[in-house]
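Read off the chains here:
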Amino acid sequence: EDKVVQSPLSLVVHEGDTVTLNCSYEVTNFRSLLWYKQEKKAPTFLFMLTSSGIEKKSGRLSSILDKKELSSILNITATQTGDSAIYLCAVEEGRANFGNEKLTFGTGTRLTIIP
Amino acid sequence: DTGVSQNPRHKITKRGQNVTFRCDPISEHNRLYWYRQTLGQGPEFLTYFQNEAQLEKSRLLSDRFSAERPKGSFSTLEIQRTEQGDSAMYLCASSLGSAGGPYEQFFGPGTRLTVL
């Protein structure tokens with residue numbers, strides 16, 4: 001059974017702090033790893049990672065994949081109250097020449113930013 | 001709005017009733033996915049379509065659950081004889097993806113089902 005594990009489950013920090021969220025996975029045919037942000041609604045796409053060691057960056061958020069360690073981290077610098085959300089990690093397992101397939105999600109990290 | 005849309009946004013039903021949810025994907029996306037999310041958990045995959053073909057349905061939770069995408073555009077998810085354990089958020093996502101990729105899956109706002 002495929003597995004995606006996120007840590008910590010919950011994190012409370014002060015505005016301005018930097019946070020690192022972790023995701024580890026066990027899948028048979030890894031194709032991609034995705035990060036989503038979920039507030040009180042549907043998940044919003046943040047990053048897709050397919051290659052090891054290449055950092056993806058969007059403003060204060062960045063993420064990197066380590067295929068050797070079967071893990072990824074999501075960094076948020078200079079946190080703001082609007083960053084408070086659940087951050088979900090998902091892994092896509094794929095078959096060759098079959099295109100996109102289902103995502104297996106972790107349980108998420110609940111991030112709370114205190115003003 | 002050109003994103004994924006879902007209707008209704010909320011559904012309250014009594015145990016034993018049938019419910020149907022609709023998802024309209026992003027227009028150029030040929031893959032459509034259904035997920036279920038319960039409190040404190042990440043979304044759980046149910047089924048997905050490539051155009052009108054249902055490519056995997058083994059993860060549908062029981063034979064009370066069925067999904068269709070008859071013309072390869074919108075999709076419906078039906079739950080027959082609802083049970084209280086069916087209460088959850090039902091999420092639809094769409095992506096490109098019959099070849100190439102991988103491609104991001106974009107999620108709709110979800111339908112929150114409450115079974116009394």
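Residues numbered from 1 in each chain as written. Chains lettered and ligands numbered in written order. Predicted model: local features only at pLDDT ≥ 70, side-chain atom pairs only at ≥ 80, totals over all residues. Heavy atoms only, no water.

K.L.:
So what about the pairing of strand β11 (residues 109-114) of chain A? Which residues, and what values?
P.N.:
Residue and element names in this part refer to chain A. Residues Thr-109, Leu-111 and Ile-113 line the buried face of β11, whereas the alternating positions Arg-110, Thr-112 and Ile-114 sit on a face that is not buried. In this sheet, β11 lies alongside strand β2 (residues 10-14) in parallel orientation, the contact comprising five bridges. The residue bridging Ser-10 from the neighbouring strand is Arg-110, located in β11. Examined bridge by bridge, strand β9 (residues 85-93) and β11 share three bridges and lie antiparallel to one another. (Buried < 20%, exposed > 50% of the residue type's maximum accessible area, 1.4 Å probe, protein only. Helix = DSSP H or I, 4+ residues; strand = E, 2+ residues; numbered from the N terminus. Pairing = 2+ DSSP bridges.)

K.L.:
Residue-level account of the state of the cysteines, with values.
P.N.:
Residues and elements named next belong to chain A. Per the stated rule, a full pass over the model turns up two disulfides over all chains. A sulfur-sulfur separation of 2.0 Å characterises the disulfide bridge that pairs Cys-23 with Cys-89. Across the disulfide from Cys-23 to Cys-89, rotation about the S-S bond amounts to roughly -70°, and the bridge is consequently left-handed. Remark: Cys-89 occurs in strand β9 and Cys-23 occurs in strand β3 (residues 19-26); sequence separation between them is 66 residues. Summarising the burial analysis for this pair, Cys-23 and Cys-89 share the class buried. (Disulfide = S-S within 2.5 Å.)

K.L.:
Let's hear about the interface of chain B and chain A: which residues, and what values?
P.N.:
With 29 residues of chain B in contact, the opposing surface of chain A contributes 23 residues. When chain B packs against chain A, close to 1,900 Å² is buried across both sides, 55% of that on carbon and sulfur atoms. Looking at the side of chain B facing chain A, the largest losses of area belong to Pro102(B), Gln105(B) and Phe107(B), adding up to 26% of the total buried there. At the boundary of chain B with chain A, the tally comes to zero salt bridges. Taken together, the connections running from chain B to chain A amount to three residue pairs in polar contact (both at pLDDT 80 or more). Looking at the side of chain B that touches chain A, the elements that each hand over two or more residues are β4 (31-37), β5 (44-50), β6 (53-56), β9 (88-95) and β10 (106-107) of chain B. When residues in the side of chain B that touches chain A are grouped by element, the largest group, four residues, is from β4(B). (Contact = heavy atoms within 4.5 Å. Buried area = accessible area lost by both parts, 1.4 Å probe. Salt bridge = Lys/Arg side-chain N within 4 Å of Asp/Glu carboxyl O. Polar contact = N/O pair within 3.5 Å; in protein donor to acceptor, adjacent residues only side chain to side chain.)

K.L.:
For the sheet that holds β3(A), give the residues involved together with the corresponding values.
P.N.:
Strand pairing in a sheet is mediated by backbone hydrogen bonds. Such pairs are either parallel or antiparallel. Residue and element names in this part refer to chain A. Pairing is antiparallel across the open sheet formed by five strands, whose spatial order is β1-β3-β8-β7-β6. The open sheet is flanked by β1 (3-7) and β6 (56-58), the only strands paired with a single partner. For this sheet the average axis-to-axis angle between neighbouring strands, irrespective of direction, equals 15°. With three bridges joining them, β6 and strand β7 (residues 61-66) adopt antiparallel strand pairing. Paired with Ser-58 across the bridge in β7 is Leu-61. (Axes fitted to C-alpha atoms, helices over the stretch in contact; angles between N-to-C directions.)

K.L.:
So, the packing of aromatic side chains: which residues are in play, and what are the values?
P.N.:
Under the definition given, this model contains 14 aromatic pairs over all chains. Both rings, one in Tyr36(A) and one in Phe45(A), keep their centres 5.9 Å apart while their planes meet at 75°; by these two values the pair is edge-to-face. Look at Tyr36(A) and you get buried, because its relative accessible area is 0%. Note on Phe45(A): relative accessible area 23%, which makes it partly exposed. Ring plane angle 0° and centroid distance 5.4 Å describe the contact between Tyr33(B) and Tyr48(B), whose orientation is recorded as stacked. Here Tyr33(B) is found in strand β4, whereas its partner Tyr48(B) is found in strand β5, with 15 residues between them in sequence. Judged by relative accessible area, Tyr33(B) falls into the buried class, the value being 0%. In this structure an aromatic cluster arises from ring pairing among Tyr36(A), Phe45(A), Phe105(A), Tyr33(B), Tyr35(B), Phe45(B), Tyr48(B), Phe106(B) and Phe107(B). (Phe/Tyr/Trp six-rings, centres within 6.5 Å; stacked < 30°, edge-to-face > 60°.)

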